[in-house]
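Structural features, examined
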Amino acid sequence: MKEYIEERAVEIANYIIEEKATVRQTAKKFGVSKSTVHKDVTDRLTAVNSSLASQVRKVLDVNKQERHIRGGIATREKYQHRLQACGRER
């Protein structure tokens, strides 16, 4: 594996751990695809630093458990915004 890929995988892992960030947020921050972030932290990072990989896995597992809640919040905010734009605030 090329050195810059290993460095990126470690940087991404540290960001996810420090910020408790999602894969989507991390991809946006680093300017790579969600697939790249996922591959970096699941496959490539295991070969570079397995303890860091397990820490990232814990954060990703929590994010996975909470994703349905975040989706509901986003939907509620979307429709509240539409109501405010129409002037029908509850």
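Before reading on, note that the structure itself is shown above.
What comes next concerns the included structure. Throughout this document, residue positions are counted from 1 along each chain, in the order its sequence is written. Where totals are concerned, whole chains, interfaces and linings use all residues; where local detail is concerned, this predicted model gives features only for residues with pLDDT of at least 70, and gives and counts side-chain atom pairs only at 80 or more. The side-chain numbers reported here are obtained from all heavy atoms of the structure, hydrogens and water having been left aside.

Considering the nonpolar core
- Nonpolar core, defined: a set of buried Ala, Val, Leu, Ile, Met, Phe, Trp, Tyr and Cys residues in which side-chain atoms within 4.5 Å join the residues together. The classification of residues rests on relative accessible area computed with a 1.4 Å probe and restricted to protein chains. Under 20% of the type maximum is buried, over 50% is exposed, and intermediate values are partly exposed. Core analysis: the largest hydrophobic core is formed by 14 residues, its most contacted members being Ile-16, Val-37, Val-41, Leu-45, Val-56 and Leu-60.
- For this core, the secondary structure elements donating two or more residues are helix H1 (3-19), helix H2 (23-30), helix H3 (34-48) and helix H4 (50-86).
- Here this core gets five residues from one element, more than from any other, and that element is H4.
- Two residues form a contact once any of their heavy atoms are found within 4.5 Å. Excluding anything up to four places from it in sequence, Val-56 contacts Ala-13, Ile-16, Ile-17, Val-41 and Leu-45. Helix numbers and strand numbers start at the N terminus; a helix is a DSSP run of H or I with at least 4 residues, a strand a run of E with at least 2.

Observations concerning the environment of Ile-73
- In this structure, Ile-73 sits in helix H4.
- Distance from Ile-73 to Ala-21, taken between C-alpha atoms, is 17 Å for residues 52 residues apart in sequence.

Points about the environment of Leu-45
- The residue Leu-45 is located in helix H3 in this model.
- For Leu-45, a relative accessible area of 0% translates into the label buried.

Considerations on the packing of H1 against H2
- Axis angles are defined between N-to-C directions and span 0 to 180 degrees, where every axis is a line fitted to C-alpha atoms and, for a helix, only to the segment in contact. The N-to-C vectors of H1 and H2 enclose an angle of 130°; their axes lie 10 Å apart at closest approach. On the basis of the axis angle, H1 is oblique to H2. Pair H1 / H2 crosses with right-handed handedness. Along the contact surface, H1 presents Glu-11, Ile-12, Tyr-15 and Ile-16, while H2 presents Thr-26, Lys-29 and Phe-30.
- Here the residues of the contact of H1 with H2 sort into four nonpolar, one polar and two charged. An angle below 35 degrees is read as roughly parallel, one above 145 as roughly antiparallel, one from 65 to 115 as roughly perpendicular, and any other as oblique. What makes a crossing left-handed is the near helix being turned counterclockwise from the far one by less than a right angle; a clockwise turn instead makes it right-handed. Amino acids are sorted into nonpolar (Ala, Val, Leu, Ile, Met, Phe, Trp, Tyr, Cys and Pro), charged (Asp, Glu, Lys and Arg) and polar (every other residue, Gly among them).

Quick notes on the packing of H2 against H3
- Closest axis-to-axis distance for the H2/H3 pair is 8 Å, and the angle between their directions is 105°. With respect to each other, H2 and H3 are oriented roughly perpendicular. Of the residues in H3, those in contact with Val-23, Arg-24, Thr-26 and Ala-27 of H2 are Lys-34, Val-37 and His-38.
- Of the residues that constitute the contact of H2 with H3, the class distribution is three nonpolar, two polar and two charged.

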